[in-house]
Amino acid sequence: MEFHVYDTAREACEAAGFLFAAQITRKGDSILGLATGSTPIPAYEMMVEWHKRGVLDFSRIRTFNLDEYVGIDYKNPLSYHAFMEENLFGKVNIRKENIHLPSGNAAADGEAYDKMIRDAGGIDIQLLGIGRNGHIGFNEPADEFTYGTHVVTLTEDTIEANARFFKSADEVPRQAISMGVGNIMAAKCVVLVATGANKAQAVYDTIRGPITPRVPASILQLHPCCVILADREAASLMKD
Ligand code: PGA
């Protein structure tokens, strides 16, 4: 596991942007695993900027997002479909048919999503944020790891953390559909970005703690190609 610390949150996120740009440059038909949330926004800004300057071509890129809320319309600006359109897809030359997000409708089919990922040849590089409770995607702390894409009931901690995007915590959907830990571990390379003091314990537990489904990100200790990029605040408990 590679661990890099940066002075600012922006620098940590930009380092992720560099890794994705390198992947797209090296392999024009890469399969990207993408994430939503506040953390990856600067990485997407960099990719958009480099696309505008003619450096990055998304015409053969295929993408699979980690997760989506259940029961939220795709047109709702708070859906992850809308987030991705706003921050990346609407601003680069990716083909609509190459974009995949799990479906948040009532008949969400996780196995079909897993099959699409497998049939595409697997994810080359997976971007991850981390929840302050150690979740990756919406794999919440649990008694066991879940392999494939599945519907999850969000924890109170996650609902509270995500309430900032909604008018109130009451409006945050209670369920989401998320790639499983197995999908994430099957990616050829994983890039996790953690910023801010409220992620410090999760970063410490992920890197130094036991591998446990109580800290879902801790499984990344077993990944053969995992890079963790943190700002100083998120790395503050990593003393040596
Ligand atoms: P954040 O979310 O980037 O908005 O902090 C990360 C996550 O919950 O995975």
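Our subject is the structure that appears above.
The present account deals with the structure reproduced in this document. Everything numeric here is computed off the predicted structure, so don't read it as measured data. (Residues numbered from 1 in each chain as written. Predicted model: local features only at pLDDT ≥ 70, side-chain atom pairs only at ≥ 80, totals over all residues. Heavy atoms only, no water.)

1. Regarding the pairing of strand 10 (residues 226-231)
Put simply, the test is: Relative accessibility decides the category of a residue: with a 1.4 Å probe and only protein chains considered, values under 20% of the type maximum give buried, values over 50% give exposed, and everything between is partly exposed. Secondary structure follows DSSP: runs of H or I at least 4 residues long count as helices, runs of E at least 2 residues long count as strands, and numbering of each begins at the N terminus. One bridge is not enough; two strands pair if DSSP finds at least two bridges between them. Handedness of a crossover is defined as follows: with both strands directed away from the viewer, a clockwise route from the first strand across the helix to the second makes it right-handed.
Burial analysis of strand 10 places six of its six residues in the buried class, which makes it a mostly covered element. Here strand 10 shows no split at all, with Cys 226, Ile 228 and Ala 230 on one side and Val 227, Leu 229 and Asp 231 on the other all buried. Pairing analysis gives five bridges linking strand 9 (residues 189-194) to strand 10, with the strands arranged parallel. When the bridges of strand 10 are listed, Val 191 appears paired with Val 227. Read from strand 9 through helix 7 (residues 200-208) to strand 10, the crossover connection turns out right-handed.

2. Quick word on the sheet that holds strand 6 (residues 125-128)
Applicable threshold: Whether two residues touch is decided by their heavy atoms; if any such pair falls within 4.5 Å, the residues are in contact. Inter-axis angles, ranging from 0 to 180 degrees, are taken between N-to-C directions of lines fitted to C-alpha atoms, where helices are fitted over the stretch in contact.
Strands sit in the order 1-10-9-6-2-3-5 across an open sheet of seven strands; the sheet is parallel. The open sheet terminates on both sides in strands that have one partner only, identified here as strand 1 (2-6) and strand 5 (99-100). Across five bridges, strand 1 lies against strand 10 in parallel orientation. Each bridged residue has a counterpart across the sheet, and for His 4 the counterpart in strand 10 is Leu 229. Against the sheet, helix 1 (residues 9-26) touches strand 1, strand 2 (31-34), strand 6, strand 9 and strand 10, its axis set at about 150° to strand 10.

3. Some details on the environment of Asn 98
Inspection of the secondary structure assignment puts Asn 98 in the loop between helix 3 (80-87) and strand 5. With a relative accessible area of 13%, Asn 98 lands in the buried category.

4. Remarks on the sheet that holds strand 8 (residues 175-178)
Read across the sheet, three strands follow the order 4-8-7 without closing on themselves; strand pairing throughout is antiparallel. Looking at which strands have only one partner, the edges of the open sheet turn out to be strand 4 (67-69) and strand 7 (150-153). Strand-to-strand twist in this sheet, taken as the mean axis angle between neighbours without regard to direction, amounts to 25°. In this structure, strand 4 lies alongside strand 8, joined through three bridges in antiparallel fashion. Across the sheet, Asp 67 pairs through a bridge with Ser 178, a residue of strand 8.

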